[in-house]
Amino acid sequence: MAETHVLFVEDDDVIREATQLALERDGFVVTAAPDGLTGLERFRADRPDIALLDVMVPGLDGVSLCRRIRDESTVPVIMLSARADSIDVVLGLEAGADDYVTKPFDGAVLVARIRAVLRRFGHASGPGRGAEVEPDGPEGGVLRFGDLEVDPEGMEVRRAGEQVALTPTEMRLLLEFSAVPGTVLSRDRLLERVWDYGWGGDTRVVDVHVQRLRGKIGQDRIETVRGFGYKLRG
């Protein structure tokens, strides 16, 4: 079984070296970079399975690096931010990151978040490449919602006949909505089902991804139900 390759971009030498050692002890192969430009070079050369990007790195900051990676790949990205209430968290998610972890972080927590993201992206058991894991959802045939077509088996989405490019996280989010159109899904439920959070999480992750999804499938397709959550218009 192949090992999971992590790109870790962090300018603090102590944090970078300690985290790299911790991840390697858990079976990951780690490529570490001290700045964003080096991180981009190593991403292109190594094509890692997941990227951990500190927001505040020199040369090319983590948010900009995330955008560059997202332009080229749907590889999962986790942002590392020193402040939970920082605007950098939202900027990172808007740039295409799938999740974020607040610094300082416990090594076991970071590993758990990495494994949760990898499960969503088809790495069924953390380190190592597993078979593709399809989210629970509707089966058999293409689902249609106005000009939107969702193929849960083919994992494809079309709008007005044109294919829509979604990241795996956006696809899982849409599958949750399309499985129960017209039903309000709470942010906590979406955190549990899409992000695999078995604990309370930051609902900004959900809100930003819903906004990104709306931008691709239509602003009016997903309705906000104030105080409760979101639902897909049938």
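Here the residue numbering is sequential within each chain, running from 1 through the sequence in written order. Per-residue local features are limited, in this predicted model, to residues with pLDDT of at least 70; the limit for side-chain atom pairs, both in listing and counting, is 80 or more; totals at the level of whole chains, interfaces and linings are taken over all residues. The side-chain figures draw on all heavy atoms in the structure; neither hydrogens nor water molecules are used.

**Q** Pulling in residues and values, what's your account of the environment of Lys231?
**A** The topology assignment puts Lys231 in strand S11 (residues 229-232). With residues near it in sequence (within four places) discarded, Lys231 still touches Phe177, Gly182, Thr183, Val184, Arg221, Ile222, Glu223 and Val225. Numbering of helices and strands runs from the N terminus; a helix is a DSSP stretch of H or I covering at least four residues, while a strand is a stretch of E covering at least two. Note on contacts: a residue pair is in contact if any heavy atoms of the two residues lie within 4.5 Å.

**Q** Describe helix H4 (residues 87-94), and please don't skip the residues or the numbers.
**A** Note on exposure labels: buried denotes an accessible area under 20% of the residue type's maximum, exposed denotes more than 50%, and partly exposed covers the range between, all computed with a 1.4 Å probe on protein chains only. Within the span of H4, buried status applies to Asp88, Val89, Val90, Gly92 and Leu93. Just beyond H4, the residue with positive phi is Gly96, at close to 120 degrees.

**Q** Lay out the sheet that holds strand S1 (residues 5-9) with the relevant residues and their values.
**A** Pairing between two strands is assigned when DSSP locates at least 2 bridges connecting them. Spatially, S2-S1-S3-S4-S5 is the arrangement adopted by the 5 strands of the open sheet, whose pairing is parallel. Every interior strand has two partners, whereas the edge strands, strand S2 (29-33) and strand S5 (99-102), have only one. Ignoring which end each strand starts from, the neighbouring axes of this sheet average 20 degrees apart. Axes here refer to lines fitted to C-alpha atoms; in helices the fit is confined to the stretch in contact. Angles between the N-to-C directions go from 0 to 180 degrees.

**Q** I'd like a description of the nonpolar core, backed by residues and values.
**A** Of all hydrophobic cores here, the largest spans 49 residues; its most connected members are Leu53, Met79 and Phe177. Not counting chain neighbours up to four residues away, the residues in contact with Met79 comprise Leu53, Val55, Gly62, Val63, Cys66, Gly92, Ala97, Asp99, Tyr100 and Val101. Buried Ala, Val, Leu, Ile, Met, Phe, Trp, Tyr and Cys residues form a nonpolar core when they are joined through side-chain atoms within 4.5 Å. Formed by 17 residues, the second largest nonpolar core is a distinct cluster that contains Phe8, Leu110, Val117 and Phe121.

**Q** How would you sum up the pattern of salt bridges? Please name residues and give values.
**A** The salt bridge criterion pairs a side-chain nitrogen of Lys or Arg with a carboxyl oxygen of Asp or Glu, the two atoms within 4 Å. In this structure the tally under the stated criterion is 19 salt bridges. The partner of Glu176 in a salt bridge is Arg193, and the shortest N-O contact between them spans 3.3 Å. Of the two residues, Glu176 sits in helix H6 (residues 168-179) while Arg193 sits in helix H7 (residues 187-194), which places them 17 residues apart along the sequence. When the shortest N-O distance is used, the salt bridge between Arg233 and Glu223 registers 3.6 Å. Placement of the pair is Arg233 in the segment after S11 and Glu223 in strand S10 (residues 222-225), with a sequence separation of 10 residues. By relative accessible area, which is 24% here, Glu223 ends up partly exposed. Three or more residues joined by partner-sharing salt bridges are found here, namely Glu10, Asp54 and Lys103.

That's the geometry; what it means functionally is another story.
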